[in-house]
Structures are given as structure tokens and as C-alpha cells.
Amino acid sequence: MRGILLYGPPAAGKDTVTDVLTELGARYVRFARLKIGKGNTKGYRMGTPENLADLEARGDVIYRNERYGNVYVVDRPGLEQAMQGGRTPIVHLGQMAGVEQVTALFPAHWVRVLLWCSRETTALRSPQRGDTDTSARLAAWDATQADLAAHPQAQWELRVDTDTTAPQEAAKKIDAIVRKTSPRS
């Protein structure tokens, strides 16, 4: 089993790079995190507090975080389903705790990719993609930078500056790493 963890601040290109990867082959699938809350529904499985409580009671929450007034969950059943048929899910994360939890609690070969952009780029891209809360996205950028600085030991198979690297180039580099690494059981 394999998966890709895309870590980075808001508007670093996680969605765009994921779209390009899914165009490269049917093996790549966007992992839809469970979202409890409101707002954007694209790329999420919408859930209820009761759904979350059921997952927690069964021990199936791998990672959860709260941001923008919502709860976001990486869950065991969701990842298992995303990996069916040898597919490679692409999981978006904005916290190092999430990277650590997923790699520790869900056995798979995880390719860890740091996608980065400047704060100025987040400020420009955020409203262009339809965000109505750019100030919250910039606060999340600041938190992501501090989170990354607090984890200097973090290991990445690839680091990509999306200010200077096209999404197609980033996706091809990720694909090459996935293809050359053998999955761990």
C-alpha cells in the first residue's frame, strides 16, 4: 500500500498538484477527508458530529484538526477505501502532527512532499481561488511556517517551491518518486 502526503500552507498548490497527479494515472486518487462544519464541500466527505463520535468510539480517527471553525478528519475506513485496488491516495495536510500521526498509525509506504509558497503568494492566490477569508488563510500560513520550523527533523522525499515550479513539473517529480519506491507492507 502506498500513499502521498502533501504538506504545506494554504494556497501552496495541494489541490492543483493533486489534479495533475490524477490526470497522470488512474492509480492516483484524492483522499477526501471527513469534514464536520460548513463552507467549502469540494474535496471533502461531509459528516456530522455523530459520525465523528462513532469513528472515535471505534478508534478509527487517525488524525483530526480544527481550522476555520470546522473539524477535519483522516479516518481509517476512508484511507482503506481509498487504497482499494492498489490506488494511491493523496492526503492534504497542513500540520506536522498530521504527517506524524498518519505515518505512525496507518501502515503504508508514505511519500512525504512539502509544497511551499511565499506568504505573498498565499495572499494573491487565496482570493483568486474564491476564499472569502484570506486573513484566516494568512494566519494559517503563519502557523504552518512556525509548525515547520518547530520540526527541523522532518524528512521529505521531495520539497517543491510552487512559486517557481509548475504544477505539472511537481506532479511528474512526485510520480517518479512513487514509481521508484517499493511499497512497504
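Structural notes, computed from the coordinates. (Residues numbered from 1 in each chain as written. Predicted model: local features only at pLDDT ≥ 70, side-chain atom pairs only at ≥ 80, totals over all residues. Heavy atoms only, no water.)

## As for the nonpolar core
Thinking step 1. Judged by nonpolar contacts, the single largest core of 43 residues is most densely connected at Ile4, Val74, Trp110 and Ile174.
Thinking step 2. Here this core takes 6 residues from strand β8 (residues 109-116), the largest share from any one element.
Thinking step 3. If sequence neighbours within four positions are ignored, Val74 has contacts with Phe31, Arg33, Asp60, Val61, Ile62, Tyr63, Leu79, Val91, Leu93 and Val102.
Thinking step 4. One finds Leu52, Leu55, Val71 and Val73 within the second-largest nonpolar core, a separate group that totals 6 residues. (Core = buried A, V, L, I, M, F, W, Y, C linked by side-chain atoms within 4.5 Å. Buried < 20%, exposed > 50% of the residue type's maximum accessible area, 1.4 Å probe, protein only. Helix = DSSP H or I, 4+ residues; strand = E, 2+ residues; numbered from the N terminus. Contact = heavy atoms within 4.5 Å.)

## Let's talk about the sheet that holds strand β4 (residues 44-46)
Thinking step 1. On the basis of which strands lie adjacent, the open sheet formed by 4 strands has the order β4-β3-β6-β5 and mixed pairing. Among the strands making up the open sheet, the edge pair consists of β4 and β5 (61-67). The mean inter-strand angle of the sheet, taken between neighbouring strand axes irrespective of direction, is 30°.
Thinking step 2. Bridge analysis of strand β3 (residues 33-36) against β4 gives 3 bridges, and the strand direction is parallel. When the sheet's bridge partners are listed, Leu34 is paired in β4 with Arg45.
Thinking step 3. In this fold helix α2 (residues 49-58) packs onto β3, β5 and β6 (70-75), with an angle of close to 145° to the strand it touches most, β5. (Pairing = 2+ DSSP bridges. Axes fitted to C-alpha atoms, helices over the stretch in contact; angles between N-to-C directions.)

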